[in-house]
Amino acid sequence: MTSKSLNIVLGVGGGIAAYKVASLVRLLKESGNDVRVVPTPSALKFVGTATWEALSGNPVVSQVWDNVAEVPHVSIGKNADLVIVAPATADLMSRAAHGAANDLLTNVLLTATCPIVYAPAMHTEMWQNPATQKNVSTLRAHGNVVLEPAVGRLTGSDSGPGRMLEPEEIVAAALALVSAQIRDLVGRQIVITAGGTRENLDPVRFIGNRSSGKQGIALALAARDRGADVTLICANVTAQIPSGIKTVFVESGAELKNAVDAIASQSDVVVMTAAVADFAPAHVSDTKIKKADDGSAPTIELVRTPDILASLVAERKPGQFIVGFAAETGDSQASVLEHGRAKLARKGCDALVVNDVTGNHAFGSDDNEVTILLKDDAREVHIPRASKSDIAHALWDLVAPALS
Ligand code: C5P
């Protein structure tokens, strides 16, 4: 969660998921924010004014004709640091996409200059209708964030895409958006590894992996923006490496281990984003391995590499926070998250960012979908598909408070 108190406007649309949004108010308030609820008139048919006022501790109006002296249709939007719209109904998004101003919430959406996040909730047919999809594209083109709804049980017996994300997921995604302005890592020494190691077979060939280094770079940038002193250890990073960050270049897992070991003891946080080879050739040939005349292929003997993350955990200094990453696929034994929980326990790190790589969507992409598992917290913080920068901020939102 963010540490700076924010003025958050919670716009509530007229959908049954409004009842779940009551707990969203509580989550936002618990993390120290001021929450002003602006329901649409139809939202009040599901959850009434008294509930919103009691939960938020602020007055609640839904029409521009209420409380006119306060000029709420301008003041509420202009004073907001963040607007969250949940549930975002098809009608509400349609009106917002077209600039309608026919209730207080749509006026607020027109006057707000801060980030606006929509959490849609509706039946699958309504969500998939081209008119809704066009409105979603319009809102995104206007710079708003429209979260993808979850797939699951809807109001009736039917299920499919259109279910509102859980309040915890909405809060994590929304706060990640504004956290770029938050400087909660000032004075922190942070080491981040990025990219993928290469284990040489001979002077020409190596065993490598697909990691581009984009997530590690996004983490480094986000930490720098939040005030940290960052060292980025880059293993064969193919993405553009930003300026203004101390960078160390390595190739193999052994080099990466040396680089991490040299600096880990002075660091408050170590994030092992790099994809480190689990196996390396037992022997590296000094000369290029030749093709045999008889057409046979050589057998390459592999050995296990040391687990850098596990040794960091074993040698950690008091208070140091260690984060691992895990690219996982589910199988007949366990789901992706079950494998993730087991890995978190095995590695002993404080947090594990689990990435479902079934279908190979994450590598080299600008966005991703992850779940953050924490050692001392049973929560599973799911970040729906978001930019690697947003994922980075969501991770720092969890790590920063754990440091103090
Ligand atoms: O066990 P697995 O390779 O899936 O674990 C991934 C995590 O462990 C990543 O954080 C990666 O950086 C780290 N790792 C490591 N040393 C290795 C292999 C992986 O530190 N030899």
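Computed from a predicted structure; not experimentally measured.

Trainee: Even after reading the chapter, I still don't get the environment of Lys78, so can you show me in this structure?
Mentor: Structurally, Lys78 can be placed in helix α4 (residues 72–78). Separated by 288 residues in sequence, Lys78 and Asp366 place their C-alpha atoms 31 Å apart.

Trainee: Mind showing me how you'd approach the site of the ligand here?
Mentor: In the region of the ligand, 14 residues are neighbours, and Met272, Ala274, Leu309, Phe325 and Lys343 sit closest. A distance of 3.4 Å is found between an oxygen atom of the ligand and a side-chain nitrogen or oxygen belonging to Asp278. Burial of the ligand by the protein chains amounts to 88% of its free accessible area of 440 Å². Among the secondary structure elements, those contributing two or more residues to the shell around the ligand are α12 (308–314), β16 (321–328) and α13 (336–347). Here the residues of the shell around the ligand sort into eight nonpolar, two polar and four charged.

Trainee: What exactly am I supposed to notice about the environment of Glu328 here?
Mentor: If you trace the backbone, Glu328 turns up in strand β16. Under the relative-accessibility criterion, Glu328 is labelled buried at 10%. C-alpha separation for the pair Glu328 and Ile263, spaced 65 residues apart in sequence, amounts to 28 Å. Not counting residues up to four positions away in its chain, the partners in contact with Glu328 are Val336, His339, Lys343, Val354, Asn355, Asp356, Val357 and Thr358.

Trainee: Would you take a moment to explain the sheet that holds strand β1 (residues 7–12) for this structure?
Mentor: What links the strands of a sheet is backbone hydrogen bonding, and the strands pair in either a parallel or an antiparallel sense. The strand order β2-β1-β3-β4-β5 describes an open sheet built from five strands, whose pairing is parallel. Edge strands, defined here as strands with exactly one partner in the open sheet, are β2 (34–39) and β5 (145–146). Here β1 runs beside strand β3 (residues 82–88); their pairing, made up of four bridges, is parallel. For Leu10, the partnering residue across the bridge sits in β3 and is Ile84. Its contacts with the sheet place helix α6 (residues 104–111) against β1, β2, β3 and β4 (116–120), and it is angled at close to 135° to β1.

Trainee: Help me out: how do you make sense of the domain arrangement of the chain in this one?
Mentor: The parts lose accessible area when they come together, and the size of an interface is often stated as this lost area. Taken domain by domain, the chain comprises domain 1 (7–180) and domain 2 (189–403). In this structure, domain 1 and domain 2 have C-alpha centres spaced 36 Å apart. Taken together, both faces of the contact between domain 1 and domain 2 bury some 740 Å²; the carbon and sulfur share is 65%. At the boundary of domain 1 with domain 2, the tally comes to zero salt bridges. Counting across the domain 1 and domain 2 interface gives zero residue pairs in polar contact (both at pLDDT 80 or more). Of the residues in the side of domain 1 that touches domain 2, the class split is six nonpolar, one polar and one charged.

What counts as what
- Residues numbered from 1 in each chain as written.
- Predicted model: local features only at pLDDT ≥ 70, side-chain atom pairs only at ≥ 80, totals over all residues.
- Heavy atoms only, no water.
- Helix = DSSP H or I, 4+ residues; strand = E, 2+ residues; numbered from the N terminus.
- Near = heavy atom within 4 Å.
- Polar contact = N/O pair within 3.5 Å; in protein donor to acceptor, adjacent residues only side chain to side chain.
- Areas by Shrake-Rupley, 256 points an atom, 1.4 Å probe, with all protein chains shown as cover.
- Nonpolar A, V, L, I, M, F, W, Y, C, P; charged D, E, K, R; others polar.
- Buried < 20%, exposed > 50% of the residue type's maximum accessible area, 1.4 Å probe, protein only.
- Contact = heavy atoms within 4.5 Å.
- Pairing = 2+ DSSP bridges.
- Axes fitted to C-alpha atoms, helices over the stretch in contact; angles between N-to-C directions.
- Domains from an automatic or database assignment.
- Buried area = accessible area lost by both parts, 1.4 Å probe.
- Salt bridge = Lys/Arg side-chain N within 4 Å of Asp/Glu carboxyl O.

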